[in-house]
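Coordinate analysis (summary)
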Amino acid sequence: MPLAFWALPKPYLVAALLICVVQIAFIAALVIQRTWLGLSMQDRDSRFRDVANAAPVMIWMSGNDKVYNYFSKKWLEFTGRSVEQEERDGWLEGVHPKDREKLVLDYSYSFDERVEFKIEFRLRRFDGQYRWVLNLGVPRFDARDQFVGYIGCCIDIEQRRAAEATVLEVSGQLITAQEEERAHTARELHDNLSQRMAMLEIGLQQLKGKPTELSHAAKKHLNDVEKIASEISSDIHQLSHRLHPSKLHNLGLVVALHGLCNEISKQSNVKIHFTYGPVPKDLPGDISLCLYRISQEALNNVVRHSSAREATLDLSRTNHTIGLCILDAGLGFNPERVQEKAGLGLVSMRERLRLVGGQLSIASAPFHGTRVCAQVPLPDRSLPEENGSTSHVHAAEDREVPHG
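Described in the following lines is the structure provided in the data block. For every chain, the first residue of the written sequence is number 1, and numbering continues from 1 along that sequence. Per-residue local features of the predicted model are confined to residues with pLDDT of at least 70, and side-chain atom pairs are confined, for both listing and counting, to 80 or more; whole-chain, interface and lining totals are unaffected and use all residues. Side-chain numbers here rest on the full set of heavy atoms in the structure, without hydrogens or water.

Let's talk about the packing of helix α10 (residues 253-267) against helix α11 (residues 285-306)
- The convention used is that axes are lines fitted to C-alpha atoms, helices contributing only their stretch in contact, and that angles between N-to-C directions extend from 0 to 180 degrees. Strands are runs of DSSP state E lasting at least two residues, helices are runs of H or I lasting at least four, and both sets are numbered from the N terminus onward. It is the contact of α10 with α11, at a shortest axis distance of 11 Å, that shows an interaxial angle of 15°. Taken together, the axes of α10 and α11 are roughly parallel relative to one another. Here α10 and α11 pass one another in a crossing that is right-handed. The residues of α11 that touch α10, namely those facing L253, A256, L257, L260, C261 and I264, are S288, L291, Y292, S295, Q296, L299, N300 and V303.
- By residue class, the composition of the contact of α10 with α11 is ten nonpolar, four polar and no charged. Oblique is the label for any angle not under 35 degrees, not over 145, and not in the 65 to 115 range, which are roughly parallel, roughly antiparallel and roughly perpendicular in turn. Handedness of a crossing follows from how the near helix is turned relative to the far one, being left-handed for an anticlockwise turn of less than a right angle and right-handed for a clockwise one. Residues are treated as being in contact if the distance between any of their heavy atoms lies within 4.5 Å. For this scheme, ten residues count as nonpolar: Ala, Val, Leu, Ile, Met, Phe, Trp, Tyr, Cys and Pro. Four count as charged, namely Asp, Glu, Lys and Arg, and the remainder, Gly too, count as polar.

As for α11
- Multiplying one less than the number of residues by 1.5 Å gives the expected span of a helix. In this model α11 runs 30 Å from its N-terminal to its C-terminal C-alpha over 22 residues, within 8% of the 32 Å that 1.5 Å per residue would give.
- Two residues or fewer past α11, S307 is found with a positive phi of approximately 60°.

A short note on the sheet that holds strand β10 (residues 370-377)
- Strand order across the open sheet formed by five strands is β6-β7-β8-β10-β9, with mixed pairing between neighbours. Edge strands, defined here as strands with exactly one partner in the open sheet, are β6 (271-276) and β9 (359-364). For this sheet, the mean angle separating the axes of adjacent strands, direction not counted, is 10°.
- Any two strands with at least two DSSP-identified bridges between them are counted as paired. Strand direction decides the pairing type here: strand β8 (residues 321-328) and β10, joined by eight bridges, are antiparallel. Within the sheet, the bridge partner assigned to C325 lies in β10 and is C373.
- Contacting β6, β7 (310-317) and β8, α10 crosses the sheet at an angle of about 165° to β6.
- Contacts from α11 reach β6, β7, β8 and β10 within the one sheet, and its direction differs from that of β8 by about 10°.

So far we have only geometry, and geometry alone does not tell us how the molecule works.
In structure tokens, the structure reads:
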């Protein structure tokens, strides 16, 4: 491998190596299947067992009845159980109880569809410890192309999962640190620089109050300077708000999003329509901030890239989730290409949602607009609705955010 590969940080290096192992194991399973098909009936069983037992992965086979009927030596060494204990459904006893139902459903679906599958689950090792394994399976066919079951292999991916967990933890810490730094910078702008600009404006106004001491040209110049100072003061205020939206913490998500739509509408040629249904009044702060930042990123993308003249931000709630959708009828894009080279904005949105247990979905096509939606589960406790009613603006209604 090239030297640059080994220079990767340890968590990424472990993950990359495990991906290589998975690919090799999958190829091994296919080779074993081909070997099995190419042998005569007399030699098939013994030759197959020799190949499977020599493989560096856990091999299993099932018949056309979905029942597992073969486990390699590596499998039995890993679980510390006998063939008799593992046969038929016995191997499911070693699967973590929380993973068992989903594993059976996914396996049954793939089996019925005769498709390859990759399933991750926790399997109990001989020492009683549960380890994450990746289960890869491919359908088997005989010489007459008749389906005869599945062959597959399991690879211990505990280290890969640990590396991924480390990366995700660091990612979450970076987002938290970013928000803390934004809040600190916003306070500095508001409490320090903004106050000093206010004093400067007061001084300029006092100077204007002495007309006899200033020439006409000086008065005009003073007016120009005062106007610039006022604009800078306004820009500092807006920057402080974008860094740390005080409305979000003091007045709630609906008011903060209303202000965001109003601000973007005034600063661009895009009209932002804001619609919302009954929203919990005391949403947890992390959920409110997550949805606000996603709205901020998505609306700015509409302004920069869509060429749309209008967009809609819709906030809604079901019994167990709160949803956010940003829609435009602009240029659109190919989502697959975006997934291949996702920018920091998209990565940030997904990471923010992951931290609150939410999901992001993007639907778009060239010249057919874009729809960005986020769904976040609400806490188990019942949250009261905003003002206790649905009398604000419902998703079925449309209201243009006032300009000015």
